[in-house]
Amino acid sequence: MIRPLRYTLLGLLIVIALAGAMVYSLTWRPDAREVLPVSCSTQAPTLAPGQALKVMTWNVQYLAGKRYVFWNDLAAGTDEAPTADDMAFSLDEVARVIRDEQPDIVLLQELDDGAKASDYQNQLKLLQERVADLYPCSAHAFDWKADFIPDPHIFGSVGRQLATLSRYELEHAERLQLPVSEVNLISRQFKPKNALLLTYLPLSDGGQMAVLNTHLDRATQPDETLQAQVSAEAKVLDKFESRGTPWLIGGDFNLLPLGQYQRLPSEQRTPYSSDSALHVLWDKYPMIPTNNEASGIDRARWLTHYPNDTNVSGPDRTVDFLFYSPRIKRVEARVRQDDTLRISDHLPVIARFLLPAAP
C-alpha cells in the first residue's frame, strides 16, 4: 500500500508542477518599476515655463462603442466582444474628437493590443496612424497582459494599455506598478496589473514636467485595493511636489467624488464606498472636476461615465479626473459630452493650464 501511495503523491506533485509552469508561462509579472521606450517620430518642440498646456484624458473602452452590455459590466450582460465594424467606427470617432480638440497631451486608457476580444488589434498603432501629424511623441505601458485567460467569457489572450501622446518632446518614460488585489496566488496571475505610466517632458529652462496616466482597479465590491492604489499614487505625487517639479495626472480612477455615492441608485453603488478613497488626493491637490462641480447644481455637465447597462440611459457618475500640482494654474475645463456618448462608456475630460513661469 505504501508504494502505490508514493506513486500517487508523486503524480500529484508532477501535475501541480506542470500546472504551475503553465500558469507562469501564460501570464505576466512586471517589475515594480520599469524604464519604457519613448517614441518620437520627428523633432518635437520643447515645453516652456509659463506657457499654456491643453490636456485630455479618455478611457476609450478598447474601441467597443456603446451597443453592448458586456459580461463584466455592472449589469452582467451577455456580450463578450465588439464587432469589427463597431471598433472601426469608434476608432474614427476617437480620432475625430482628438483632431477637433487638438490637446497638447492626450492620456488614453484601455487601448487593446493582442487581445482576442478585439481581434488582436494594436489599437494604439491604428490611432497613431490617424493623428501622427499632431503627436510626434508617445509612450505606452501594459496594465493587463496574458497569453491565455481561462475565464469562459475570454478564453484567450488579453492585452490592455495606457498610452500618452504628446505634441511636445518626451525624454523619459517609466511604468510604476500599483498594488494588486489580494486574491489567491493563482488567480492573481490572470488579473489586471494596474499601473502608472509616467512621462517626463523637458522644459526649455533645463527643468522638467511629470505627466502621469493611470487606470485604477475596477472593483466589483468595496475592498482595500483602490485605497492602496490611490495611496501609492499620492506618494509619487508628493515626491514631485517636494522637489518643486510641476506635474499632472489623469485617468480613470473608478472612484466617485464627494456626494455622488448618495445620488446613485442602490443597485449601482456596489463597487463604491460612501467614503471615497479619492479623498487621499483631493485633500491635498486640485482636482478636475472639483467636488463642488461634480456634485453641485451643474453636476450633469461633469458626469464622465455612461455604464453599459440597460437600466441607465445616459452618463450618471464621475470617475475620470485630472489632478495637478498647485504650481500649475487651471484656466478652463470641461467634459465633452455632446458628441461622444456613442464612442465609449467614458467621456473625455479636457482642461487647459498655465505652467509655472521660470523662477
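Residues numbered from 1 in each chain as written. Predicted model: local features only at pLDDT ≥ 70, side-chain atom pairs only at ≥ 80, totals over all residues. Heavy atoms only, no water.

- For the chain, an unreviewed UniProt entry supplies the name Metal-dependent hydrolase, endonuclease/exonuclease/phosphatase family and the organism Pseudomonas mohnii.

### Concerning the overall build of the chain
Here is step 1: Looking only at helices and strands, the chain features seven helices and 14 strands.
Here is step 2: Relative to its length of 359 residues, the chain is compact, with a C-alpha radius of gyration of 21 Å against a globular reference of 21 Å.
Here is step 3: The principal-axis extent of the C-alpha atoms belonging to the chain is close to 85 × 45 × 40 Å.
Here is step 4: Across the 359 residues of the chain, 52% fall into the buried class.
Here is step 5: In the chain, the share of contacts with a sequence separation of at least 24, taken over all contacts with a separation of at least 6, comes to 74%. (Helix = DSSP H or I, 4+ residues; strand = E, 2+ residues; numbered from the N terminus. Rg over C-alpha atoms; globule rule 2.2 N^0.38 Å. Buried < 20%, exposed > 50% of the residue type's maximum accessible area, 1.4 Å probe, protein only. Contact = heavy atoms within 4.5 Å.)

### Details of the side chain of Ser90
Here is step 1: Position of Ser90 among the secondary structure elements: in helix H2 (residues 84-101).
Here is step 2: Only 3.4 Å separates the side chain of Ser90 from the backbone oxygen of Ile343, close enough to count as a polar contact.
Here is step 3: Every residue in contact with Ser90, bar those within four places of it in the chain, is listed here: Leu63, Ala64, Gly65 and Ile343. (Polar contact = N/O pair within 3.5 Å; in protein donor to acceptor, adjacent residues only side chain to side chain.)

### A closer look at the pattern of salt bridges
Here is step 1: Within the structure shown, the criterion is met by 20 salt bridges.
Here is step 2: Across the pair Asp92 and Arg130 runs a salt bridge, and its minimum N-O distance is 3.3 Å. Remark: Arg130 occurs in helix H3 (residues 123-131) and Asp92 occurs in helix H2; sequence separation between them is 38 residues.
Here is step 3: Judged by relative accessible area, which is 43%, Asp92 ranks as partly exposed.
Here is step 4: Arg130 sits in the partly exposed class, given a relative accessible area of 33%.
Here is step 5: Note that Glu293 and Arg330 form a salt bridge whose closest N and O atoms lie 2.7 Å from each other. A residue pair is termed long-range when its members are at least 10 positions apart, and Glu293 in helix H7 (residues 291-295) and Arg330 in strand E13 (residues 329-335) qualify at 37 residues.
Here is step 6: Judged by relative accessible area, which is 23%, Arg330 ranks as partly exposed.
Here is step 7: Through salt bridges with shared partners, a single network forms among Lys54, Glu93, Arg96, Asp100, Glu101, Arg334, Arg336 and Asp339. (Salt bridge = Lys/Arg side-chain N within 4 Å of Asp/Glu carboxyl O.)

### Thoughts on the packing of H2 against H3
Here is step 1: With their axes 10 Å apart at the nearest point, H2 and H3 run at an angle of 45° to one another. Relative to H3, H2 is oriented oblique. H3 is crossed by H2, and the crossing has right-handed handedness. Contacts from Met87, Leu91, Asp92, Val94, Ala95, Ile98 and Arg99 of H2 reach H3 at Gln123, Leu126, Leu127, Arg130 and Val131.
Here is step 2: Tallied by class, residues from the contact of H2 with H3 come to eight nonpolar, one polar and three charged. (Axes fitted to C-alpha atoms, helices over the stretch in contact; angles between N-to-C directions. Parallel < 35°, antiparallel > 145°, perpendicular 65-115°, else oblique. Left-handed = near helix turned anticlockwise from the far one by under 90°. Nonpolar A, V, L, I, M, F, W, Y, C, P; charged D, E, K, R; others polar.)

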